[in-house]
Amino acid sequence: MLHYKSTIEKILDLVGIKINGSNPWDIQVHNDKFYKRVLTEVELGIGEAYMDGWWDCESVDQLTYRIISERLDQKVKKKLSLLIPLALGVLFNKQSKSRAYIVGEKHYDLGNDLFQNMLDKRMNYSSAYWKDAKSLDEAQENKLELICKKLQLKPGMRVLDIGCGWGAFGKYAAEKYEVEVVGITVSKEQVKLGKELCKGLPVEFRLQDYRSLNALKASHRKKFDRIVSVGMLEHVGYKNYRTYMKTAERCMKDNGLFLLHTIGEVRSVKTTDPWTEKYIFPNGMLPSIAQLGKSIEGIFIMEDWHNFGADYDKTLMAWHDNFNKNWDKIKSNRSEEHTSELQSHSFISYAVFCLKKKKKKNKTKKKKKYNYTKTMCIKPDSITCCH
């Protein structure tokens, strides 16, 4: 046990973090088993030890920033069991059609009240666009307006929203631009609330995996003028990027526009970290520029790339503030055991996720929008726009 403790102390000392120190970023350890758990289980061990009350910290965000900015993860040797998920990610398709609804059940179906109390009034669950905005509501409407302009929407157009969530885009586009929207999601709870929020508008919700879209003979397919996908590609997986793009292509009319909004990785990966896999987005994965480029080759022409990764910091801070401010409302509908776990892992996940963005935003801002087009004509934005 002393060996584990001394090793952790030496590692943390490299970035000025002390065990039981007086600085706000210092770790306060309450269980000596913490040291071995961190060295052997790394990210997952740190997160679960926090949930179990083995350690805490006055300022988790400052602590996380110091750890990530110095790449201490590379200095902590991982045991063999942690390498197994990497091998599985290469050998098996964890985002297969048969597993498509897992993330809906484990994440998006946690309860609509949770997300209503955490997100903006329109319930956007992706990075806001903070240019000239003073609040989360304003910033999220900025993003929706940006998307609509990049798609060059016109009244009467038919739009497909892949990964529609609770219908934030669909509702906005139908109200402001008089278009018809069909949204698909793998979350039953999103469909249920989305239908209520968009009542009376030409917005349709479907509980459907993207791979089954327009899976008919070409002559029977109903195609769309525009396609949009906001914050959904993170659930597709590298083995399926090409399939995803081919699906979008067969759903879109000639000279149409496809706008893709996603978080991106600075390098090509085939797995995610154990903490995110277990507690946040099961089967999730972030795409790289190289992976996206390869996936659209011969299918779409990229017309525009817009990167505003730094805006995710403010968005995460706003969600975290809303979560804490509305905690009494959130926990009132849950058991004591569930609320304790939810509060603990939401806090530590927020800190890690947010600071990962902070660390890399000056190198490659991570929130991207892409516009893809079928033929070489117009431009849109990342957002990414393609023909």
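The structure we're discussing is the one just above.
Residues numbered from 1 in each chain as written. Predicted model: local features only at pLDDT ≥ 70, side-chain atom pairs only at ≥ 80, totals over all residues. Heavy atoms only, no water.

(A) Seen up close, the packing of aromatic side chains. Applying the stated criterion across every chain yields a total of 13 aromatic pairs. Between F34 and Y35, the aromatic rings sit 5.4 Å apart at their centres with planes inclined by 75 degrees, giving edge-to-face as the arrangement. As far as the burial class goes, F34 and Y35 line up, both buried. Clustering of aromatic rings is evident, with ring pairs tying together F115, Y125, W166, Y312 and W319. Looking at R37, its charged tip hangs above the ring of W54, at a distance of 4.5 Å from the centre. (Phe/Tyr/Trp six-rings, centres within 6.5 Å; stacked < 30°, edge-to-face > 60°. Buried < 20%, exposed > 50% of the residue type's maximum accessible area, 1.4 Å probe, protein only. Lys NZ or Arg CZ within 6 Å of the ring centre and 35° of its normal.)

(B) Geometry of the pairing of strand 7 (residues 252-263). Across the 12 residues of strand 7, 9 count as buried, placing the element largely inside the fold. Of the pairings in the sheet, the one linking strand 6 (residues 224-230) to strand 7 comprises 6 bridges and is parallel in character. When the bridges of strand 7 are listed, S229 appears paired with L260. Taken together, strand 6, helix 10 (residues 241-251) and strand 7 form a β-α-β motif whose crossover is right-handed. (Helix = DSSP H or I, 4+ residues; strand = E, 2+ residues; numbered from the N terminus. Pairing = 2+ DSSP bridges. Right-handed = clockwise from strand over helix to strand, strands pointing away.)

(C) Region of the structure containing the nonpolar core. Ranked by internal contacts, the top residues of the largest apolar core, which has 26 residues, are I162, I227, Y244, M245 and F258. Of all the elements in the fold, those that place two or more residues in this core are strand 3 (158-162), strand 4 (180-185), strand 6, helix 10, strand 7 and helix 12 (289-296). At 5 residues, the largest contribution of residues to this core is made by helix 10. Setting aside residues up to four positions removed in sequence, Y244 forms contacts with I162, Y210, S229, M232, L233, V236, F258 and L260. (Core = buried A, V, L, I, M, F, W, Y, C linked by side-chain atoms within 4.5 Å. Contact = heavy atoms within 4.5 Å.)

(D) Spotlight on the environment of Y312. By the element assignment, Y312 lies in helix 13 (residues 311-325). Residue Y312 is classed as buried on the basis of its relative accessible area, which comes to 6%. Residues Y312 and W130, spaced 182 residues apart in sequence, show a C-alpha to C-alpha distance of 9.1 Å.

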